[in-house]
Amino acid sequence: MNYWLIKSEPDEFSIDDLKNSPKRRTHWDGVRNYQARNFMRDDMRKGDGILYYHSNCETPGIVGIAEVASEAYPDHTAFDANDKHFDPKSDPDNPRWMMVDVRYKRKTRRLISLAELKQYDRELEGLALIRRGNRLSVMPVAKKHWDFILGLEEKKP
DNA sequence: GCCAACGTTGGC
DNA sequence: GCCAACGTTGGC
């Protein structure tokens, strides 16, 4: 079992939006970065744990837990000229972009902010999220980092 | 809103 | 294959 962190702008699709989705799940479309795609396509497995992260908002940070609910399959929004994430170079016969389904598990007891996570740069060394200039929207999380971050949930910020 | 960091594109 | 130009991400 692997662990992941996925980013979403709460104005676009928040943890509550996921929670309120039918069957509390959705397809994670719109990823248009090769490294992120490769993680989804090659390494994500059903049941993997996901830290749900809110980006580009007042206090960016981890707000919930989700899980991978499917293997990767073609991201059909890349073929839709009316879609925001349309990619004319993605051929339906040879799709360039993939996605997985994501299922809501729960919210974290509190928001674990990026600023707080950065204070533990020693414990979280190697976590892509806190590396400078990081822009990946799908990234792996080592089990020891997963455990450490969830341990923070019980602490005062 | 600013801007640093990064990924992608395309001319050469 | 190099690299300048450009577009995007995302913290602040």
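Residues numbered from 1 in each chain as written. Chains lettered and ligands numbered in written order. Predicted model: local features only at pLDDT ≥ 70, side-chain atom pairs only at ≥ 80, totals over all residues. Heavy atoms only, no water.

Looking at an unreviewed UniProt entry, one finds chain A named EVE domain-containing protein, with Elongatibacter sediminis as its source organism.

Caption draft 1: Focus on the protein's contact with DNA strand C. Residues in contact with DNA strand C, as listed here, are Lys-7, Tyr-53, Ser-55, Asn-56, Pro-60, Leu-114, Lys-118, Arg-135 and Leu-136. A breakdown of the atoms of DNA strand C within 4 Å of the protein gives sugar and phosphate a share of 70%. Between a phosphate oxygen of DNA strand C and a side-chain N or O atom of Tyr-53, the distance comes to 2.7 Å. Within the contact set of DNA strand C, a phosphate oxygen lies 3.3 Å away from a side-chain nitrogen or oxygen of Lys-118. (Near = heavy atom within 4 Å. Polar contact = N/O pair within 3.5 Å; in protein donor to acceptor, adjacent residues only side chain to side chain.)

Caption draft 2: Region of interest: the nonpolar core. Ranked by size, the top nonpolar core spans 41 residues in total, and within it Leu-51 and Leu-117 carry the most contacts. No other element matches the five residues that strand β4 (residues 61-68) contributes to this core. Residues contacting Leu-117, with those up to four places away along its chain left out, are Ile-62, Ile-112, Leu-124, Leu-129, Ile-130, Ile-149 and Leu-152. (Core = buried A, V, L, I, M, F, W, Y, C linked by side-chain atoms within 4.5 Å. Buried < 20%, exposed > 50% of the residue type's maximum accessible area, 1.4 Å probe, protein only. Helix = DSSP H or I, 4+ residues; strand = E, 2+ residues; numbered from the N terminus. Contact = heavy atoms within 4.5 Å.)

Caption draft 3: Looking closely at the UniProt feature "domain: EVE" (unreviewed entry) in chain A. When the UniProt feature table is mapped to this numbering, "domain: EVE" (unreviewed entry) covers residues 2-151. Helix makes up 23% of residues 2-151 and strand 29%. Its end C-alpha atoms lie 18 Å apart. (UniProt positions renumbered as here; feature names shortened; annotations may be inferred.)

Caption draft 4: The arrangement of the pattern of salt bridges in detail. For the structure shown, the criterion picks out 14 salt bridges. We note a salt bridge from Asp-16 to Lys-107, for which the minimum N-O separation is 2.7 Å. Of this pair, Asp-16 sits in helix α2 (residues 15-19) while Lys-107 sits in strand β7 (residues 101-113); the two residues are 91 residues apart in sequence, bridging distant segments of the chain. The class of Asp-16 is partly exposed, set by a relative accessible area of 33%. Judged by relative accessible area, Lys-107 falls into the partly exposed class, the value being 35%. Residue Glu-116 is joined to Arg-110 by a salt bridge in which the shortest nitrogen-to-oxygen separation is 2.8 Å. Judged by relative accessible area, which is 5%, Glu-116 ranks as buried. (Salt bridge = Lys/Arg side-chain N within 4 Å of Asp/Glu carboxyl O.)

Caption draft 5: Focus on unusual backbone geometry. Even without being glycine, Lys-23 reaches a positive phi, approximately 55°. Secondary-structure assignment places Lys-23 in the loop between α2 and β2 (25-27). Lys-23 sits in the exposed class, given a relative accessible area of 74%. Positive phi outside glycine occurs at Arg-24, with the angle close to 55°. Residue Arg-24 is classed as partly exposed on the basis of its relative accessible area, which comes to 39%.

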